[in-house]
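# Summary of structural features
Spelled out, the chains give:
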Amino acid sequence: MASLSSPDPSSSAATACFHCGLPVPQASRYAVPVDGVMRRLCCPGCEAVVRAIVAAGLESYYRHRSALPASPRDSLPEFLRELELYDAPKVQQGFVRAAGEHVREASLILEGIRCAACVWLNEQQLARLPGVLGVSVNYATQRARIRWDETRVRLSEILRAIAAIGYTAHPYDPSRHEAILRQERRRALWELFVAGFGMMQVMMLALPSYLAGEGEMPRDVETLLRWAALLLTVPVVGFSSTPFFRGAWNDLRARRLGMDVPVALGIGLAFAASVWATLTGEGEAYFDSITMFVFFLLGGRYLEWNARQRAADASEALARLRPAMAWKLSAYPHSGEETRVAVAELAPGDYVRVRPGEAVPADGVVAEGTTAVDEALLTGESRPVAKRPGDGVVGASLNVESPVVVRVERVGEETVLAGILRLLDRAAAEKPPIAAAADRVAAWFVAALLMVAAGVFLYWSSVEPERALWITVAVLVVTCPCALSLATPAALGAATSRLARKGLLVTRGHALETLAKATHVVFDKTGTLTDGHLTLEEVLPLGALPVEACLALAAGLEQGAEHPIGRALREAVRARGWTPSSGALPVRVPGAGMEAVIDGRRLRIGTPAFVAELVGQALPSSLSTFLEGHDTGVVLGAEDGYLAAFAFRDALRPDAAAAVAHLQAAGCQILLLSGDRPAAVRRVAERLGIERFVAGASPEEKLAWIERLQREGAVVAMVGDGVNDAPVLARAQVSVAVGEAAQAARASADMVLASGRLLDLADGFALARRATRVIYQNFTWAIAYNLGALPLAVAGFVTPWMAGLGMAGSSLLVVMNALRLARHGSEIGHRIVLPELGLKGLAHASMPKPSISNPDS
């Protein structure tokens, strides 16, 4: 082991690499300045590591080590060695998912996020890394979602970049996150306690000087009290004020003026001036004011932190649902031997036993047993849902009745729960326009505030020098735009959290703001206004094939289809114990049906017009009569003729009429767009009181309708559930995917109605409008407060402790006003009373006759 006692390059140790100790080649030009001395290095790898250590402010590693390591591997500091472990595929398996051929996505926890400036700094730092494709940090949950190209950058390099600016990142783990939150809360309480204790003691010491008259207090007593106050103020400034100084330093390193800058500047100037007055015995010392406004600021920040955690409780509660362990069946069904394994070790195809009271470890299908599961936190449905063999179960739902065996189908980042969390993270990370505008205003406001403070100091220095510093400190603190920056995120966070508890998930940042402005609500029919659980009601054979053969062909054509009709056909075949026909992979024609070649025959199933193109004949009168007599129907045909027709029964959602009535009462225009037959669409429209509807619309025609409404100035909210709805959902200003919507629909939507209850959508519409009002109330207060406080502070009527109280009170008022949105209950209440006729009676109530129209009419 070579000694490091002679760091000078001219010494014998100069020929050894400063980092790893290996000989430095004569031609090596690698060197990095460390502690003001240029250190020679043997290779670009050592150079990169040393630069990372220096950039992270960890040069003390080299000062404190006593010898060079025995191998290059040992030369890495412990924190860098641990980060390299995250590059191993097995380690990444639990928290990294593939988002493309070489694109990876991970959810990480960031320790040390204290304000919006921390979020901005981390996002900017990572965005500069080559290979990082996207990064978004959720201020409320402190989670970062990062996408990167693994061929250009490694995960460990991303973690090092975060460490370089003073933050710590690690894979998201709910239990560890809770531990971090407890640690942060404990530290915040200690900071608050030290500031509060110091404030009370310093105020006691300052009281005699306030009560004593001019010249009544002896000079030596006054000096003693000042020194005692100084000693008590040091912990307040050195410990309790560190969040403000740390935040300001990070802002300045990133060349950004954040909200901590004026606060830290005010505290630092006030303390420095008070120390100088104590040392010289001249001037005023305001240790009482310093401790008081630090206490008020910390108190306001702590309450804000608690409010932020309450707003994040919905997504955190979902994350905590994931179980850590599972009972895996090693040789099912031949053996019932169970092994306790980590959920992260499960793979598709494994079998697990789930006992009553346990959470389902992953998405799967019930293989054995019957039970009921509680999906309340996932869907908002309070009643347990019955499950039998063949039924799908969602990971993290709670088994409440009997033990069952589940075959695992999706694990890790591919589960429904992981998808919901990604959508919630995306919504929290995307700033709506109103929030982005507030941040821009706040940034310029801080710069303007610093210039005003400089002008105030110069003015009062010439008028009344002994008051100049304290008036400047008051200006810096009292007008800090914290309330302005909190106005929008506090309200949106509270509203989003409440909607998530009701089963309406906000997945885009702009969704609530746009939903509040919606003038037209456009509904799809099947699976949206109806419950989407079609059941086969009747089969009409049209050729020589029996019912069994027709059903088998239809189910074969619909293999893998997510549409309710496809599910109903497959369920009908499975219930009868029959087997679907198999052939070439079916081809889906959006808005029309499915086509495939089975047993050498080209077949189609879908709308009458779609099948008629293949058959080449007009519909028989018996087929037309059959379809007109049912709500929903499809036709099966081949090139040699029509084979069968299938009729389905699809009940309206129980709350569909009430939801439509509430939306209409709120002033929304309701439009029903459906690809179904006119007779079926007319019946639904009449029963729900919808005056305008379009039947037989293809996806292109639906899109044309949305664009037509938008050209007329409408703000359109689209509600749908199917693959065919994805383009329309993407085109509308705000969109909602209902219930068990297709993946494409969920990806295109701005909100997901996981509960499936349309009244929750109506409630969300009312809450969005109320949230908008709260945001404008917050803005009005924040602007009025700053406009009123600034002249008073400039005129010298506001002392530093009053400034701290005013700033903390202003921010707290904004947060508490926003938290009113998080209260439980319904926004729509009982303002609309439906007729006592029920849904059937409502269908026959006196209403204008619906009109059938198309995009060209």
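What counts, and at which threshold
Residues numbered from 1 in each chain as written. Predicted model: local features only at pLDDT ≥ 70, side-chain atom pairs only at ≥ 80, totals over all residues. Heavy atoms only, no water. Helix = DSSP H or I, 4+ residues; strand = E, 2+ residues; numbered from the N terminus. Buried < 20%, exposed > 50% of the residue type's maximum accessible area, 1.4 Å probe, protein only. Contact = heavy atoms within 4.5 Å. Areas by Shrake-Rupley, 256 points an atom, 1.4 Å probe, with all protein chains shown as cover. Phe/Tyr/Trp six-rings, centres within 6.5 Å; stacked < 30°, edge-to-face > 60°. Lys NZ or Arg CZ within 6 Å of the ring centre and 35° of its normal. Salt bridge = Lys/Arg side-chain N within 4 Å of Asp/Glu carboxyl O. Core = buried A, V, L, I, M, F, W, Y, C linked by side-chain atoms within 4.5 Å. Pairing = 2+ DSSP bridges. Arc of directions from axis to C-beta. Patch = residues over 30% accessible without salt bridge, like charges linked within 9 Å, V, L, I, M, F, W, Y side chains within 5 Å. Axes fitted to C-alpha atoms, helices over the stretch in contact; angles between N-to-C directions. Parallel < 35°, antiparallel > 145°, perpendicular 65-115°, else oblique. Left-handed = near helix turned anticlockwise from the far one by under 90°. Nonpolar A, V, L, I, M, F, W, Y, C, P; charged D, E, K, R; others polar. Right-handed = clockwise from strand over helix to strand, strands pointing away. pLDDT = per-residue confidence, 0-100.

Our focus in this paragraph is the overall build of the protein. Helices and strands together make up the secondary structure of the protein, namely 31 helices and 30 strands. Across the 857 residues of the protein, 51% fall into the buried class. Nonlocal contacts in the protein, meaning residues at least 24 apart in sequence, comprise 69% of its contacts between residues at least 6 apart. For the protein, the computed accessible surface area is about 38,000 Å², with 58% contributed by carbon and sulfur atoms.

Okay, the packing of aromatic side chains next. Scanning the model with the defined rule gives six aromatic pairs in all. Here Tyr 332 and Tyr 351 contribute two aromatic rings whose centre-to-centre distance is 4.7 Å and whose plane-to-plane angle is 35°, an arrangement assigned as tilted. Placement of Tyr 332 in the loop between strand 8 (325-329) and strand 9 (338-342) and of Tyr 351 in strand 10 (residues 351-354) is noted, with a sequence separation of 19 residues between them. Three or more aromatic residues joined by ring pairs make a cluster, and in this case those are Trp 190, Phe 193 and Phe 197. Sitting over the face of the ring of Trp 578, Arg 576 holds its NZ or CZ atom 5.9 Å from the ring centroid.

On to the environment of Asp 149, then. Looking at the secondary structure, you find Asp 149 in strand 6 (residues 143-149). Setting aside residues no more than four positions away along its own chain, Asp 149 makes contact with His 102, Gly 131 and Leu 133.

Here we take up the pattern of salt bridges. Taken as a whole and judged by the stated rule, the model has 25 salt bridges. For the salt bridge of Glu 105 with Arg 145, the shortest nitrogen-to-oxygen distance reads 3.4 Å. On the criterion of sequence distance, the pair formed by Glu 105 in strand 4 (residues 103-111) and Arg 145 in strand 6 is long-range, its members being 40 residues apart. A relative accessible area of 11% means that Arg 145 is categorised as buried. For Arg 602, the salt bridge identified is with Glu 639, shortest N-O distance 3.7 Å. You can see Arg 602 sitting in strand 22 (residues 601-606) and its partner Glu 639 sitting in the loop between strand 23 (632-638) and strand 24 (641-649), a full 37 residues away along the chain. The exposure class assigned to Arg 602 is partly exposed, which follows from its relative accessible area of 31%. Through salt bridges with shared partners, a single ionic network connects Glu 595, Arg 602, Arg 604, Glu 613 and Glu 639.

Time to look at the nonpolar core. One finds Phe 523, Leu 529, Leu 672 and Met 751 to be the most contacted residues of the largest nonpolar core, which totals 54 residues. In terms of residue count, the dominant contributor to this core is helix 29 (residues 758-794) (10 residues). Apart from the residues lying within four places of it in its own chain, the contact partners of Leu 529 are Phe 523, Asp 524, Leu 652, Arg 653, Ala 656, Val 660, Leu 672, Val 684, Leu 688, Ile 690 and Leu 758.

Further remarks concern the pairing of strand 28 (residues 734-738). Burial of strand 28 is extensive: five of the five residues sit out of reach of the surface. With four bridges connecting them, strand 27 (residues 716-720) and strand 28 associate as parallel partners. Note that in strand 28 the partner of Met 718 across the bridge is Ser 735. Looking at chain direction, strand 28 and strand 29 (residues 751-753) are connected through three bridges and run parallel. Bridge pairing in strand 29 links Ala 737 to Val 752.

Every buried residue of helix 22 (residues 608-615) is listed here: Pro 608, Phe 610, Val 611, Leu 614 and Val 615. Angular distribution of buried residues about the axis of helix 22 spans 160°; they occupy a single face of the element. Exposed and oriented more than 90 degrees from the buried face of helix 22 are Ala 609 and Glu 613. Looking at the buried side of helix 22, the elements it contacts are strand 20 (587-589), strand 21 (593-598), strand 22, helix 23 (621-628), strand 23 and strand 24. Remark: Gly 616 follows helix 22 within two positions and exhibits a positive phi of approximately 80°.

Moving on, we get to a nonpolar patch on the surface. A cluster of nonpolar side chains, namely Trp 190, Phe 193, Phe 197 and Met 200, defines an oily patch on the protein surface of about 460 Å² accessible area. Assignment of secondary structure puts Trp 190 in helix 7 (residues 174-211).

For the pair helix 10 (residues 260-280) and helix 16 (residues 465-478), the least separation of the axes is 8 Å and the interaxial angle reads 160°. It follows from the interaxial angle that helix 10 and helix 16 lie roughly antiparallel. Note on packing geometry: the crossing formed by helix 10 with helix 16 is left-handed. In contact with Pro 262, Leu 265, Gly 266, Leu 269, Ala 270, Ala 273 and Ser 274 of helix 10, helix 16 contributes Leu 469, Trp 470, Val 473 and Leu 476. For the contact of helix 10 with helix 16, the class distribution of residues is nine nonpolar, two polar and no charged.

In this section: the packing of helix 8 (residues 219-240) against helix 10. With their axes 10 Å apart at the nearest point, helix 8 and helix 10 run at an angle of 155° to one another. Put simply, helix 8 runs roughly antiparallel to helix 10. Here helix 8 and helix 10 pass one another in a crossing that is left-handed. Within the contact between the two elements, helix 8 uses Arg 226, Trp 227, Leu 230, Thr 233, Val 234 and Val 237 and helix 10 uses Phe 271, Val 275, Ala 277, Thr 278 and Leu 279.

With respect to topology, three strands assemble into an open sheet ordered 13-12-15, the strand pairing being antiparallel. A single partner strand is all that each edge strand has here, and the edge strands are strand 13 (385-387) and strand 15 (398-399). Strand direction decides the pairing type here: strand 12 (residues 371-374) and strand 15, joined by two bridges, are antiparallel. When the sheet's bridge partners are listed, Asp 374 is paired in strand 15 with Leu 398.

Here we come to the environment of Pro 403. You can see Pro 403 is positioned in the loop between strand 15 and strand 16 (404-410). Between the alpha carbons of Pro 403 and Thr 370 there is a distance of 7.8 Å; along the sequence they are 33 residues apart. Look past the residues within four positions of Pro 403 in its chain and what remains in contact with it is Val 354, Arg 355, Pro 356 and Gly 369.

A separate point is the environment of Ser 397. Inspection of the secondary structure puts Ser 397 in the loop between strand 14 (392-393) and strand 15. Judged by relative accessible area, Ser 397 falls into the buried class, the value being 1%. Distance from Ser 397 to Pro 361, taken between C-alpha atoms, is 8.4 Å for residues 36 residues apart in sequence.

Extensive coverage of strand 25 (residues 669-673) is indicated by the burial of four of its five residues. Across four bridges, the pairing between strand 18 (residues 520-523) and strand 25 is parallel. By the bridge assignment for strand 25, Val 522 is matched with Leu 671. Pairing analysis gives three bridges linking strand 25 to strand 26 (residues 692-694), with the strands arranged parallel. By the bridge assignment, Leu 671 is partnered in strand 26 with Arg 692. Viewed along the sheet, the connection from strand 25 through helix 25 (residues 678-688) into strand 26 turns out right-handed.

A word on the sheet that holds strand 14. Pairing within the open sheet is antiparallel, and its six strands lie in the order 9-8-10-16-11-14. Pairing within the sheet leaves two strands with one partner each, and these edge strands are strand 9 and strand 14.

Here the protein shows a mean pLDDT of 77. Residues at 70 or above account for 77%. For the protein, per-element mean pLDDT is lowest for helix 31 (residues 838-843), which scores 28, and highest for strand 18, which scores 93. Predicted confidence for residues 70-77 stays below pLDDT 50, and this span has 18 contacts to residues more than four positions away or in other chains. Residue range residues 829-857 is modelled with pLDDT below 50. Its contacts to residues more than four positions away, or to other chains, number 42 contacts.

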